[in-house]
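Residue-level structural notes
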Amino acid sequence: LAAASVDGRLLSAESAREMLVPAARCGPDTWQGLGVQVEYHGSVRLAGHGGSFPGFDAAAYVCPETGQSIALLANTNTGLLKDQIRTSLIPRRPA
């Protein structure tokens, strides 16, 4: 679902591009788009959102440049390692 949202399978290409336009700054490299947060890691963007409710955590992210996505759902509030999950989508440079 996350990947289909940005690659034109779920939304039109125009809507997908618009969704990723930074609208409000949330942090040094993080912006709010239309329904998703957009993070910049150099030339790579990550788009997605995490959330929680008592007894439940969830996160879904996509890297528009690679098309890879990740989602995690849990029936806990102990922390999902969201930073590690999200940043696992950043392409690694060869050593």
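Higher on the page you've got the structure.
So, a few notes on the structure that sits alongside this text. (Residues numbered from 1 in each chain as written. Predicted model: local features only at pLDDT ≥ 70, side-chain atom pairs only at ≥ 80, totals over all residues. Heavy atoms only, no water.)

1. Section: the overall build of the chain
To be explicit about the condition: Strands are runs of DSSP state E lasting at least two residues, helices are runs of H or I lasting at least four, and both sets are numbered from the N terminus onward. Values of the radius of gyration come from C-alpha atoms, whereas the globule rule sets the reference at 2.2 Å times the count of residues to the power 0.38. Between buried and exposed lies partly exposed: a residue is buried under 20% and exposed over 50% of the maximum accessible area for its type, with that area taken using a 1.4 Å probe on protein chains only. Shrake-Rupley sampling with a 1.4 Å probe provides the accessible areas, and residues are treated as covered by the protein chains on show and by no other component.
When helices and strands are counted, the chain shows three helices and six strands. Counting from the amino terminus, the chain carries its helices and strands in the arrangement α-α-β-β-β-β-β-β-α. Against the compact-globule benchmark of 12 Å for 95 residues, the chain has a radius of gyration of 13 Å, which places it among compact chains. C-alpha extents for the chain along the principal axes are approximately 35 × 35 × 25 Å. Residues counted as buried form 31% of the 95 residues belonging to the chain. Of the roughly 6000 Å² that the chain leaves accessible, carbon and sulfur atoms contribute 56%.

2. Quick word on the layout of surface pockets
Put simply, the rule reads: Put plainly, a pocket is an open set of points on a 1 Å grid over the protein atoms alone with protein on both sides within 12 Å along at least five of seven lines, a cavity is a set where a 1.4 Å probe fits but cannot get out, and a lining residue has an atom within 4 Å of a point. Grid points are joined across faces, edges and corners, and a volume is the space filled by probe spheres set on the points. The residue classification treats Ala, Val, Leu, Ile, Met, Phe, Trp, Tyr, Cys and Pro as nonpolar and Asp, Glu, Lys and Arg as charged. All others, Gly included, are polar.
Here the largest pocket is characterised by a volume of approximately 160 Å³. Along the walls of the largest pocket sit 13 residues, with Ala-2, Ser-5, Val-36, Gly-48 and Ala-60 positioned nearest its centre. If you list the elements that add at least two residues to the lining of the largest pocket, you get helix H1 (2-6), strand S4 (44-53) and strand S5 (56-62). A breakdown of the residues in the lining of the largest pocket according to their chemical character gives nine nonpolar, four polar and no charged.

3. A closer look at the pairing of S5
Note the threshold: Two strands form a pair only when DSSP identifies at least two bridges running between them.
Judged by how many residues are buried, S5 sits mostly within the fold: five of seven residues are covered. Relative to S5, S4 is paired through seven bridges, and the arrangement is antiparallel. If you follow His-49 over to S5, its bridge partner there is Ala-60. Between S4 and S5, which pair antiparallel one after the other, the connecting turn spans two residues, and Gly-55 there sits at a positive phi close to 90°. Here S5 runs beside strand S6 (residues 69-74); their pairing, made up of six bridges, is antiparallel. Bridge pairing in S6 links Ala-60 to Ala-71. Where S5 hands over to S6, the hairpin turn is made up of six residues, of which Gly-67 adopts a positive phi near 80°.

4. So, the side chain of Ser-5
Filter applied, for reference: In protein, a polar contact means a hydrogen-donor-capable atom and an acceptor-capable atom, both N or O and within 3.5 Å, with residues adjacent in sequence counting only if both atoms are side-chain atoms; elsewhere, any N or O pair within 3.5 Å suffices. In what follows, a contact means two residues having at least one pair of non-hydrogen atoms within 4.5 Å.
Following the sequence through the fold, Ser-5 ends up in helix H1. The buried category is assigned to Ser-5, whose relative accessible area is 14%. At 2.8 Å, the side chain of Ser-5 and the backbone oxygen of Leu-1 are in polar contact. Excluding residues that lie within four positions of it along the chain, Ser-5 makes contacts with Leu-10, Leu-11, Ala-16 and Met-19.

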